[in-house]
Amino acid sequence: MKLEAKAFLLVIVVVAFMFLGTYFTMIVPLMDKSLYTPTKDAKPYTALELKGKRIYEREGCMYCHTQQVRNLLEETQRYGMGEEETFKRFGIRALIQAPPSQPGEYVYDQPHLLGTRRVGPDLARVGGKYDNTWHLNHFRDPRSTSPGSLMPAYTWLYDKAGQPTDEAIALVAYIQKLGTNYKWREEGVEQARALQVKRNPAPPAEQSVPPTTTQGGAQ
Amino acid sequence: MNNPSVVHEDTSARWFIYTAVTFFLVTILIGILMATRFVFPEFLGGIAAISTGRIRPIHTNGVLFGWLLAANMGLAYFVVPRLCGTKLYSEKLGLATLGLWVVIILGAVVTLASGDTQAKEYLELNTTLDILVTIAWVMFAVNMFATIAKRSKEREQMYVSLWYLMGTLVWTAVLWIVGNLPVYSGVNDANVNWWFGHNAVGLIFTPMGLAMAYYYIPKSTGNPLYSHKLSIIGFWTIAFLYIWNGAHHIIFGPIPTWLQTVAILFSISLLIPVWTAVTNFYGTLRGKWTQGNYVVKFLVAGTTFYLLTCFQGPMHSLRTVNQIVSKTDWIIGHAHMAVFGGFSFFAMAGIYYTLPRILKRPMYSDRLGEWHFWLSFVGFLGFAVSLWIGGFLQGLQWMNYTIAFLDTVKSMFPYYVVRLFSAAIMIAAQLLFAFNVYKTARGGAQPTPAIA
């Protein structure tokens, strides 16, 4: 009797095959403790940040923004800090790459929001890139901060007078949290400083290092 | 092949098909609303319930479960009793399944529009709806297995469509239940999401679509199946190979490298089941490409798009290709080729073949059927090719970080315009389809002479 003629037997073999692939590609990673070990800077979400995450999910932000800096040079450069930004905020000219996303940064995410499509830029390292006002303006009128953006205006997160509601504020808190489970900005600046001190042990106080390029880390 | 002593009622088949076509119209209109916003971002803006982030899951879930799965279920209610030489186990159970399915789809529209979502792609439906889907699927599976169990003696050796159908019944149940368990977190949640998401295509819509193609290609051409042996190889390689592929959606992402490599290796091996099935289809279709009417055209084009989309898929998993096309609009073109160009074309052919046989009168208009095919075909090509070119170029721009992200968005504009225009053609075609089905169902007064 051929296998395909035996309905019951066919179902058993189909399930066995399915289990085999599922075991190796899903159950083995589920048992991998290293995927659940938080990075050293990782902190659980505060109530406000968690509320913001729920709004991010409710409005479907993950359909147009990924949250993963892939392990590729162009992504660590694009989503890192450019010289303008490091000079303005840390007084040093350096191109600081964003580290690729690591499993330990996501341990508090349920559901995950890794995403699959970039209609807008990746947000895994966006926390700390802009100030809160920028984000509040951006959600209310995306093209006022980012000309050419395709993002919808989230007017229902604002009251009639145009003031942000609790929801808009929570959403900004969540966005500012993204990527801070790894203190890469601070560590990157520290390393860049150490490198400059090593190269140029006693720089005159007034002199700033000339820029090698003006663009960098621009989103 | 039909046993003349068995009289089929086909009530479940008929009403499932009507419902599927109705949902199809709604979900593609949502699709074009989103396509419009890629050209005019402010279009119908400021309304939470129809903002892009909320209607996007209505479009994807609506097309997959409201249209494609429902259409294939309707066709299964027609095909399975005939392949088993017996009546459907229960038409009443079939209609109850349909009733529940309608409740699920309408519930999905309301909950998703109000922002009630599980926020994982293709797993968005809330827990209540998840449970209802499970119940509906069990009802469908009971009906199918019970019909297969009472098949006539001469049908003891089951036809390939039945293996695929039984596989789908099992795969769907396991995927749906395990995928929806609320116990995963972090990167494992993403891995399980794509274990489900990849196999929703690979182990629900692929085997269901192939089951239909394996039935309707020989039926509508009058040719015997090209090779029984190839169909056996195709089935068992799908059963073995597909489940390993989920992680190829997260290449270069924060999951273990070995997991990505396993997914890549198995992705390449998927060429085996695809090429065996396609060889079988082309072999069965031989000599009928130019003689056939729109039913055969849909099957030929569906087979070709299935071949192409399943060539793209393994290639996307290669790291060098993935680096460029992943996260771009290229993937949107790829997904539409699988779901629209491949499996929807099979389902449409099935509906055009099936409805006249259920209703015992020809389709209302064969000319509309021809128009439906050509507009769908041309519209889809415009849609996909524009996204492939645009997406590929955007992917290349992303590889140079000195090009600002917003500039790469602006560069997509001409491609989004072509996509919108092409989508309008695709939708016009589906309006003709729905009109034709409606008129046929109503018993239109002007039948064309030849039966499809």
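The residue numbering used here restarts from 1 in each chain and proceeds along that chain's sequence as written. Here chains are named by letter from A upward and ligands by number from 1 upward, in the order in which they appear as written. In view of the model being predicted, local features appear only for residues whose pLDDT reaches at least 70, and side-chain atom pairs are presented and counted only at 80 or more, with totals across whole chains, interfaces and linings using the full set of residues.

### Re the overall build of chain A
Then comes step 1: We count a stretch as a helix when DSSP gives it H or I for four or more residues in a row; a strand needs E for two or more, and each element gets its number in order from the N terminus. The helix and strand inventory of chain A stands at 8 helices and 0 strands.
Then comes step 2: Once C-beta atoms are placed from the backbone, each residue is buried if 20 or more other C-beta atoms lie within 10 Å of its own, exposed if 12 or fewer, and partly exposed for counts between those two. By the burial criterion, 42% of the 219 residues in chain A qualify as buried.

### A few points about the overall build of chain B
Then comes step 1: Looking only at helices and strands, one finds 15 helices and 0 strands in chain B.
Then comes step 2: The C-alpha atoms of chain B give 21 Å as radius of gyration, which agrees with the globular expectation for 452 residues (22 Å, within 12%).
Then comes step 3: Taken over 452 residues, chain B has a buried fraction of 56%.
Then comes step 4: Residue pairs are scored as contacts if the distance between their C-beta atoms, which are placed from the backbone, is within 7 Å. For chain B, the proportion of contacts with a sequence separation of at least 24, taken over those separated by at least 6, is 85%. The quantity called the radius of gyration is restricted to C-alpha atoms. Its globule counterpart is 2.2 Å times the number of residues to the power 0.38.

### A short note on the environment of Tyr 56 of chain A
Residue and element names in this part refer to chain A.
Then comes step 1: Note on placement: Tyr 56 falls in helix α2 (residues 47-58).
Then comes step 2: With 116 residues separating them in the primary sequence, Tyr 56 and Val 172 have C-alpha atoms 9.8 Å apart.
Then comes step 3: For Tyr 56, the contacting residues outside a window of four places in its chain are Cys 61, Leu 113, Leu 171 and Tyr 174.

### Some points on the interface of chain A and chain B
Accessible area lost on assembly of the parts is the figure often given for the size of an interface.
Then comes step 1: Listed per partner, the contact involves 61 residues of chain A and 65 residues of chain B.
Then comes step 2: For the side of chain A that touches chain B, the elements supplying multiple residues, two or more each, are α1 (7-30), α2 and α3 (73-78) of chain A.
Then comes step 3: Top element by residues in the side of chain A that touches chain B is α1 of chain A. It accounts for 14 residues.
Then comes step 4: Under the convention adopted here, Pro, Cys and the residues Ala, Val, Leu, Ile, Met, Phe, Trp and Tyr are nonpolar, Asp, Glu, Lys and Arg are charged, and Gly plus all remaining residues are polar. Among the residues forming the side of chain A that touches chain B, the class breakdown is 31 nonpolar, 19 polar and 11 charged.

### Quick notes on the domain arrangement of chain A
Then comes step 1: Domain limits in this description derive from either an automatic procedure or a database domain assignment. As assigned here, chain A comprises domain 1 (1-31) and domain 2 (43-199).
Then comes step 2: Distance from the C-alpha centre of domain 1 of chain A to the C-alpha centre of domain 2 of chain A: 42 Å.

### Some points on the environment of Val 325 of chain B
All names here are of chain B.
Then comes step 1: Following the sequence through the fold, Val 325 ends up in helix α11 (residues 319-325).
Then comes step 2: Here Val 325 falls in the buried class, since 21 other C-beta atoms lie within 10 Å of it.
Then comes step 3: Along the backbone, Val 325 and Asn 180 are 145 residues apart, and their C-alpha atoms lie at a distance of 29 Å.
Then comes step 4: Not counting residues within four places of it along the chain, the set of residues in contact with Val 325 comprises His 316, Trp 330, Ile 331, Gly 391, Phe 392 and Gly 395.

### Examining the environment of Gly 188 of chain A
Then comes step 1: Position of Gly 188 of chain A among the secondary structure elements: in helix α8 (residues 184-199).
Then comes step 2: Discounting chain neighbours no more than four positions away, the residues touching Gly 188 of chain A are Met 81 and Ile 96 of chain A.

### A short note on the confidence of the model for chain A
Then comes step 1: Each residue carries a pLDDT score, the predictor's confidence in it, ranging from 0 to 100. Chain-level statistics for chain A give a pLDDT mean of 89 and a share of 89% at 70 or above.
Then comes step 2: Below pLDDT 50 for its whole length, residues 211-218 of chain A participates in 16 contacts with residues either more than four positions away or in separate chains.

### Re helix α4 (residues 83-90) of chain A
Residue and element names in this part refer to chain A.
Then comes step 1: Taken as a whole, α4 has its buried residues at Glu 83, Glu 85 and Thr 86. All buried residues of α4 lie within an arc of 160 degrees about the axis, which places them on one face of the element.
Then comes step 2: Buried residues along α4 sit against α8.
Then comes step 3: Note on α4: the residue one or two positions beyond its end, Gly 91, has a positive phi of about 70 degrees. Arc, as used here, means the arc of the directions from the helix axis to the C-beta atoms.

### Side note on helix α5 (residues 160-180) of chain B
Then comes step 1: Given a rise of 1.5 Å per residue, 21 residues ought to cover 30 Å, and the 30 Å separating the end C-alpha atoms of α5 of chain B matches this to within 8%.
Then comes step 2: When you tally the buried positions in α5 of chain B, you get 15 out of 21 residues, the bulk of the element. By definition here, a helix of n residues has an expected span of 1.5 Å times n minus one.

### Description of the nonpolar core
Then comes step 1: We call a set of buried Ala, Val, Leu, Ile, Met, Phe, Trp, Tyr and Cys residues a nonpolar core when their C-beta atoms link them within 7 Å. With 185 residues, the main nonpolar core has Val 80, Leu 299 and Ala 349 of chain B as its most contacted residues.
Then comes step 2: With 20 residues, the single largest contributor to this core is helix α6 (residues 186-221) of chain B.
Then comes step 3: Counting contributing residues, this core receives three or more from each of domain 1 (1-31) and domain 2 (43-199) of chain A.
Then comes step 4: Apart from the residues lying within four places of it in its own chain, the contact partners of Ala 349 of chain B are Tyr 216, Ser 220, Val 295, Phe 298, Leu 299 and Gly 302 of chain B.

### Some thoughts on the packing of helix α1 (residues 11-37) of chain B against helix α2 (residues 52-84) of chain B
Residues and elements named next belong to chain B.
Then comes step 1: Convention adopted: a line fitted to C-alpha atoms gives each axis, helices being fitted over their contacting stretch, and angles between N-to-C directions are expressed from 0 to 180 degrees. Contact geometry for α1 and α2: axes closest at 8 Å, N-to-C directions at 155 degrees. With respect to their mutual orientation, α1 and α2 come out roughly antiparallel. Relative to α2, the crossing made by α1 is left-handed.
Then comes step 2: Tallied by class, residues from the contact of α1 with α2 come to 19 nonpolar, 9 polar and 2 charged. For this classification, under 35 degrees means roughly parallel, over 145 means roughly antiparallel, 65 to 115 means roughly perpendicular, and everything else is oblique. The hand of a helix crossing depends on one turn: near helix anticlockwise from the far one by less than a right angle means left-handed, and clockwise means right-handed.

### Concerning the packing of helix α8 (residues 257-269) of chain B against helix α10 (residues 294-317) of chain B
All names here are of chain B.
Then comes step 1: For the pair α8 and α10, the least separation of the axes is 8 Å and the interaxial angle reads 155 degrees. Overall, the two elements α8 and α10 adopt an arrangement that is roughly antiparallel. Handedness of the α8/α10 crossing: left-handed. Across the interface between the two elements, Ala 263, Ile 264, Ser 267 and Ile 268 from α8 touch Gly 313, Pro 314 and Ser 317 from α10.
Then comes step 2: Of the residues belonging to the contact of α8 with α10, the class tally is 4 nonpolar, 3 polar and no charged.

### Some words on unusual backbone geometry
Then comes step 1: Omega for the peptide link from Gln 110 of chain A to Pro 111 of chain A comes to 0 degrees, which places this bond in the cis form.
Then comes step 2: With respect to the helices, strands and loops of the structure, Pro 111 of chain A is situated in the loop between α4 and α5 (132-140).
Then comes step 3: In this structure, Leu 44 of chain B is a non-glycine residue whose phi angle is positive, near 50 degrees.
Then comes step 4: Leu 44 of chain B sits in the partly exposed class, given 13 other C-beta atoms within 10 Å.
Then comes step 5: Positioned with a positive phi, Phe 252 of chain B is a non-glycine residue whose angle comes to about 70 degrees.

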